[in-house]
Amino acid sequence: MSQINEEIILETLATVMDGDQNIVEKGMVQGLQVQDGHVIFAVVVPPSVGSQAEPVRKEAEEKVHALDGVLSATVVLTAENEGGQAQAAPQAAAQGAPQKAPQQHEGPLMPGVKSIIAVASGKGGVGKSTTTVNLALALSAKGLKVGLLDADIYGPSVPRMLGITGDPTSSDGQLLDPMVGHGIKCMSIGFLVEEESPVIWRGPMAQTALVQMMRDVKWGDLDVLMIDMPPGTGDVQLTMAQQVPLTGAVIVSTPQDIALLDARKGLNMFRQVDVPVLGIVENMSYFECPKCGERTDVFSHGGAKEEAELLQMDFLGEIPLDIKIRETSDGGHPIVDSDPDSPHAKAYTAIADTVWNKACEKLEAKAAAMPNIVQ
Ligand code: ADP
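From a predicted model like this one, the values you see are computed outputs, not experimental measurements.

Asker: Describe the site of the ligand, naming the residues involved and giving the relevant values.
Answerer: Taken together, 18 residues form the shell around the ligand, and within it Lys128, Ser129, Thr130, Pro320 and Asp330 come nearest. Between Pro320 and the ligand, the recorded distance is 2.8 Å, taken from a backbone N or O atom to a nitrogen atom. With respect to the ligand, the backbone of Asp322 contributes an N or O atom lying 3.0 Å from a nitrogen atom. In isolation the ligand offers 560 Å² of accessible surface; the protein chains occlude 88% of this area.

Asker: How would you summarise the sheet that holds strand E12 (residues 277-283) if you had to cite specific residues and measurements?
Answerer: Read across the sheet, eight strands follow the order E8-E9-E7-E10-E6-E11-E12-E15 without closing on themselves; strand pairing throughout is mixed. Looking at strand neighbours, the two that pair on one side only are strand E8 (179-181) and strand E15 (315-319), the edges of this open sheet. Within this sheet the neighbouring strands show an average axis-to-axis angle of 25°, counted without direction. With four bridges joining them, E12 and E15 adopt parallel strand pairing. Each residue of the ladder has a partner; that of Val281, found in E15, is Gly317. With respect to the sheet, helix H10 (residues 303-310) is in contact with E12 and E15, its orientation differing from that of E12 by roughly 160°.

Asker: Lay out the pairing of E12 with the relevant residues and their values.
Answerer: Extensive coverage of E12 is indicated by the burial of seven of its seven residues. Pairing of strand E11 (residues 248-253) with E12 involves five bridges; the strand directions are parallel. Within E12, the residue paired with Ala249 across the bridge is Val277.

Asker: Kindly report on the environment of Gln174, identifying the contributing residues and their values.
Answerer: Locating Gln174 in the fold gives a position in the loop between helix H5 (158-161) and E8. Its relative accessible area of 65% is what places Gln174 among the exposed residues. Taking the C-alpha atoms as reference points, Gln174 and Val217, 43 residues apart in sequence, are found 9.0 Å from one another.

Asker: Summarise the packing of helix H4 (residues 128-141) against helix H13 (residues 343-369); cite the residues concerned and give the values.
Answerer: One way to put it is that H4 packs onto H13 with a least axis distance of 9 Å and a crossing angle of 75°. Compared by their axis directions, H4 and H13 come out roughly perpendicular. The residues of H13 that touch H4, namely those facing Thr130, Thr131, Asn134, Leu135, Ala138 and Leu139, are Tyr348, Thr349, Ile351, Ala352 and Trp356. Along the lines of polarity and charge, the residues of the contact of H4 with H13 split into seven nonpolar, four polar and no charged.

Asker: Give me the lowdown on the environment of Ala350, citing residues and values where you can.
Answerer: Considering the arrangement of structural elements, one finds Ala350 in helix H13. Along the sequence, Ala350 and Gly317 sit 33 residues apart, while their C-alpha atoms lie 8.0 Å from each other.

Asker: Tell me what's going on with the nonpolar core, and back it up with residues and numbers.
Answerer: Residues Leu149, Trp219, Leu246 and Phe270 are the most contacted members of the largest nonpolar core, which totals 39 residues. Of all the secondary structure elements, the ones that give two or more residues to this core are strand E6 (116-121), helix H6 (199-215), strand E10 (224-228), helix H7 (235-243), E11, helix H9 (262-272) and E12. Not counting residues within four places of it along the chain, the set of residues in contact with Trp219 comprises Met110, Val113, Gly147, Leu148, Leu149, Pro178, Lys185, Cys186, Met187, Met213, Met214 and Leu225. Leu162, Met179, Ile184 and Trp356 belong to the second largest nonpolar core, which has 37 residues in total.

Asker: Describe helix H1 (residues 6-13), and please don't skip the residues or the numbers.
Answerer: Listing the buried residues of H1 in full gives Ile9, Thr12 and Leu13. Within H1, the buried residues cover an arc of 100° as seen down the axis, which keeps them to one side. The exposed set on the far side of H1, more than 90 degrees from its buried face, consists of Glu7 and Glu11. Among the structural elements, strand E3 (29-35), strand E4 (38-45) and helix H2 (54-65) are those in contact with the buried residues of H1. In this structure Asn5 caps H1, since a side-chain oxygen of it lies 3.2 Å from the backbone nitrogen of Glu7.

Criteria and thresholds
Residues numbered from 1 in each chain as written. Predicted model: local features only at pLDDT ≥ 70, side-chain atom pairs only at ≥ 80, totals over all residues. Heavy atoms only, no water. Near = heavy atom within 4 Å. Polar contact = N/O pair within 3.5 Å; in protein donor to acceptor, adjacent residues only side chain to side chain. Areas by Shrake-Rupley, 256 points an atom, 1.4 Å probe, with all protein chains shown as cover. Pairing = 2+ DSSP bridges. Helix = DSSP H or I, 4+ residues; strand = E, 2+ residues; numbered from the N terminus. Axes fitted to C-alpha atoms, helices over the stretch in contact; angles between N-to-C directions. Contact = heavy atoms within 4.5 Å. Buried < 20%, exposed > 50% of the residue type's maximum accessible area, 1.4 Å probe, protein only. Parallel < 35°, antiparallel > 145°, perpendicular 65-115°, else oblique. Nonpolar A, V, L, I, M, F, W, Y, C, P; charged D, E, K, R; others polar. Core = buried A, V, L, I, M, F, W, Y, C linked by side-chain atoms within 4.5 Å. Arc of directions from axis to C-beta.

Right, dumping it as structure tokens:
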């Protein structure tokens, strides 16, 4: 395979016209990055042009993708703000410099989606994905239309937990159809980004893949779209939280995690970008002896409740450490679906009810704050 470089890409982009000038000449190409055959850049347009420039973006993406040696091309349209600085350009994200309130597209990205809830954690392995999937199933069991967007760049596991195999396809040749598992519409960043790609490269990829998953997937009408965020509270997560119009966020923590203050970092991250934190879930909170049924608290259990009180956020509930939770979700049949009458499934359902009530409150408050349209 031939070696692709910036020069070849810019030569190609110089054949993409915007009006009577090409986009390179016009200075519209920004943040170009090439690594191992993966190409990312932004096409910068004035806010007044916004999404009308989509054909230009598409042409640029297609032409670069068609080049020899290019494995993937991800191009985002960004609007220039008043200071003349592009918002949410991949380069800014790559340099770890989150931009305030990026506005990538004009109008809502997913017009049929009523609410979006992010599930986050201070670090990996605390059961964030397991919790997200079970909460999504509990919301679906309430009769809500639920979607799940797996944005965990470091370990996309939602399709496996929902028993989904294969790759997404497009029935109209334009938008990807979400894949469906146990009645939940799902799309995973794992389908768009190579798992072996170096971690440093995944940050900028995550930004663009997230936009792709909102823009290029036929989500249709949903009451709620859950987002399984990448673990951690760094710039990648912060920028992602800014890119999505979130209704609220749920933080998942283990008792140990709380002791290490990781949950607090999660809370601060969302507060920084003005996203309401709906509350905290304590996972792997206690366990019951399989022989005698005696409940044993995990070290420093109960910390989440105290921590939540201290930080003035709501405690949503606790989920025990139980092999059944692991086996069912890792095996593609999460407990809320496979054993809905079990106490563990009921614990998830109770948390889901609270989360949904709180999300509805936030939506109502937002609607009330909107100015009335006078005819
Ligand atoms: P994260 O998304 O935070 O990285 P996962 O949801 O992938 O974590 O969970 C990590 C592992 O822990 C998985 O094998 C999962 O099945 C297991 N797990 C999660 N929650 C529980 C629980 N409450 N009891 C037992 N195992 C759990």
